[in-house]
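Notes for the structure review
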Amino acid sequence: MNRDKRVHRRTVLQAVAGTGFFLALSPGFLLTGCDGGVRATESVTLGLDSEEYDVELALRATPDSVPILPGTPSEVWRYKAELLKGPENTLTENTNSYLGPTIRLRRGQRVKIHIRNELTEDTTVHWHGLHVPSDVDGQPRLPIQPGETMMVGFEVWDRAGLFWYHSHAHGEQGGRVGFQSYAGLAGLLIVEDDEEAGLGLPSGDNELLLVLQDRTFAGANELVYLDGGMGAMMDRMHGFLGDRMLVNGVPPATRKVATRPYRIRVLNGSNARIYKLAWSDGRPVTLIGADGGLLREPEDRSYAVLAPAQRLDIWVDLSQSQPGSTLELISDSFQAGMMGGMGMMGSNALPLGSRSTLVGLDVAESLEVNEQLPAQLGQQRQRILVGSNTRIRTFELRPVMMRGFAINGRRFEGPHVADDEKVRLGDTEIWEFRNNTPMPHPMHIHGLQFNIVGRRGGNSDSLQQGLVDSGWHDTVLVMPRETVQLAMKFERFAGLFIYHCHNMEHEDAGMMRYFQVQG
Ligand code: C2O
Ligand code: CU
């Protein structure tokens with residue numbers, strides 16, 4: 001797919017960097033080069049050769065200033081979008097938040113997006129979890145330079161689910177995903193389909209979307225990413241942890257709800273933090289979906305683990321709640337041990353594994369609603385079949401002295417694949433991740449949804465019971481010393497894709513590789 005394209009520069013206002021936010025960065029993390037490669041321009045649309053699109057969007061990555069905490073607004077980088085064509089509910093602005101607009105698509109739609117970079121450095125937009133062609137995937141080999149616009153087109157092939165979009169820039173000086181996402185470049189993307197619609201799950205005001213992120217602020221509300229020196233080095237090793245929670249880009253808040261069922265869809269959009277989702281009154285967490293859409297049937301857990309980049313779909317029935325009462329969705333405390341680092345260093349006000357409230361549901365209205373949770377949910381997609389003759393490909397995760405983590409002894413080196421990173425289109429394989437490190441790694445694979453075949457090893461600790469392994473996933477948390485097997489099928493698109501740790505600081509430090517699907 002390496003077509004040659006001329007770079008066509010548009011004149012846009014050069015983005016001007018804010019002050020405090022950028023001063024708070026360590027110099028090592030300023031600016032990058034780009035790794036060259038193909039560029040899409042105004043005249044070329046990558047991905048889908050079609051004249052006819054059902055949805056057309058203009059998406060900008062741009063500096064902005066938004067209120068996050070009381071007082072001075074914070075300088076952020078964020079996505080803004082405009083609907084050029086398509087159903088009116090395609091975009092929902094998050095005006096008082098740095099989060100990009102929520103994009104709502106339907107399975108089967110053909111979508112075209114004009115992505116404009118108004119930042120001071122290269123960026124890309126990755127459609128996390130979506131099965132799209134390689135060139136549309138927002139990979140670092142196709143950077144959008146400042147002032148440029150890239151056009152991408154794809155057909156929505158995935159079944160209904162909660163996905164998200166975020167930056168995936170990686171230049172010669174290292175990855176910029178952690179920085180750019182932290183600065184605000186992320187948003188939700190919802191795919192709807194007939195199977196899900198047929199279930200009549202709570203929707204509209206009865207569907208809550210929650211994006212969990214942790215941030216640190218300096219005195220005048222400047223976002224602080226990695227501070228200099230030793231602290232930054234530790235942050236890069238363990239992943240950045242903020243010292244306070246933000247939900248949908250603002251401090252955790254309460255919502256007025258009624259005595260009826262709700263659907264709560266949660267994204268962990270944090271750089272590195274892991275959450276242990278539970279209800280404040282100890283009721284079980286009823287899971288109805290994961291990364292790749294609805295589970296086959298609901299599952300009750302006492303708590304559910306949500307690693308960076310993962311999504312969970314939760315059903316909760318407040319029919320029996322007393323008006324005037326409040327139910328909180330919390331991240332419960334857990335023993336992070338060695339895994340978080342920050343816990344033992346004690347330098348963070350919100351160490352990994354701290355208890356925090358994510359949202360309070362204030363029961364304010366009494367309603368007579370008789371909506372039952374269906375006993376069967378996503379039945380249409382069959383699990384990937386694997387057997388004793390399915391090829392097993394192993395990936396060993398290991399620390400590299402002072403330089404983060406490696407996968408099979410290799411770190412990120414751009415779009416170069418080793419022989420054991422080539423798979424065949426149409427094949428089914430088991431990918432086995434062996435974690436030979438003392439830290440958990442949320443491993444993400446681009447361009448597909450997989451099934452989790454099983455886990456072994458792993459020290460049993462306070463998270464083990466909450467790992468959600470049923471259903472479809474694009475990101476799996478591999479616990480320290482654990483081996484996890486994934487079943488995956490390489491369908492529809494040949495080309496380069498990426499697999500990496502979604503702890504963004506690990507990823508940026510090189511815990512990322514390309515793999516190639518050979519047609
Ligand atoms: Cu959410 Cu490779 O990314
Ligand atoms: Cu990692």
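Our subject is the structure that appears above.
Here is a short report on the structure shown in this document. A quick note: this is a predicted structure, and the numbers were derived from the prediction, not measured. (Residues numbered from 1 in each chain as written. Chains lettered and ligands numbered in written order. Predicted model: local features only at pLDDT ≥ 70, side-chain atom pairs only at ≥ 80, totals over all residues. Heavy atoms only, no water.)

This part is about the side chain of Thr 475. Checked against the element boundaries, Thr 475 lands in strand β31 (residues 475-478). A polar side-chain atom of Thr 475 sits 3.4 Å from a polar atom in the side chain of His 128. (Helix = DSSP H or I, 4+ residues; strand = E, 2+ residues; numbered from the N terminus. Polar contact = N/O pair within 3.5 Å; in protein donor to acceptor, adjacent residues only side chain to side chain.)

On the protein side, the copper ion (ligand 2) has His 441 (ND1), Cys 501 (SG) and His 506 (ND1) as donor atoms, found 2.0 to 2.1 Å from it. Along the chain, the residues that donate to the copper ion (ligand 2) are spaced as H-x59-C-x4-H. In this structure Cys 501 comes out as buried when scored by relative accessible area, which is 0%. (Donors = N, O, S within 2.8 Å, 3.2 Å for Na, K, Ca; no water. Buried < 20%, exposed > 50% of the residue type's maximum accessible area, 1.4 Å probe, protein only.)

On to helix α4 (residues 229-238), then. All of the buried residues in α4 are Ala 232, Met 234, Asp 235 and His 238. Each buried residue of α4 sits inside an arc of 165° when the element is viewed along its axis, so together they form one side. Exposed residues on α4 whose side chains face more than 90 degrees from its buried face are Gly 229 and Met 230. Immediately beyond the C-terminal end of α4, within one or two residues, lies Gly 239, with a positive phi of roughly 100°. (Arc of directions from axis to C-beta.)

Right, let's talk about the sheet that holds strand β24 (residues 356-365) for a bit. The strand order across the open sheet built from five strands is β16-β24-β23-β18-β21, with neighbouring strands paired in mixed fashion. Of all the strands in the sheet, the pair left with one neighbour each is β16 (253-258) and β21 (304-306). The average angle at which neighbouring strand axes cross in this sheet is 25°, direction not considered. Examined bridge by bridge, strand β18 (residues 275-279) and strand β23 (residues 326-331) share three bridges and lie antiparallel to one another. (Pairing = 2+ DSSP bridges. Axes fitted to C-alpha atoms, helices over the stretch in contact; angles between N-to-C directions.)

This next bit is on the environment of Ser 366. Mapping Ser 366 onto the fold places it in the loop between β24 and β25 (391-400). Setting aside residues up to four positions removed in sequence, Ser 366 forms contacts with Thr 259 and Pro 323. (Contact = heavy atoms within 4.5 Å.)

Attention shifts here to the sheet that holds strand β29 (residues 441-445). Consider a sheet: its strands pair through backbone hydrogen bonds, and that pairing is either parallel or antiparallel. On the basis of which strands lie adjacent, the open sheet formed by five strands has the order β27-β34-β33-β29-β31 and mixed pairing. Strand pairing shows two members of the sheet lacking a second neighbour, β27 (422-424) and β31, which therefore form its edges. Across the sheet, the mean angle from the axis of one strand to that of its neighbour is 25°, orientation sign disregarded.

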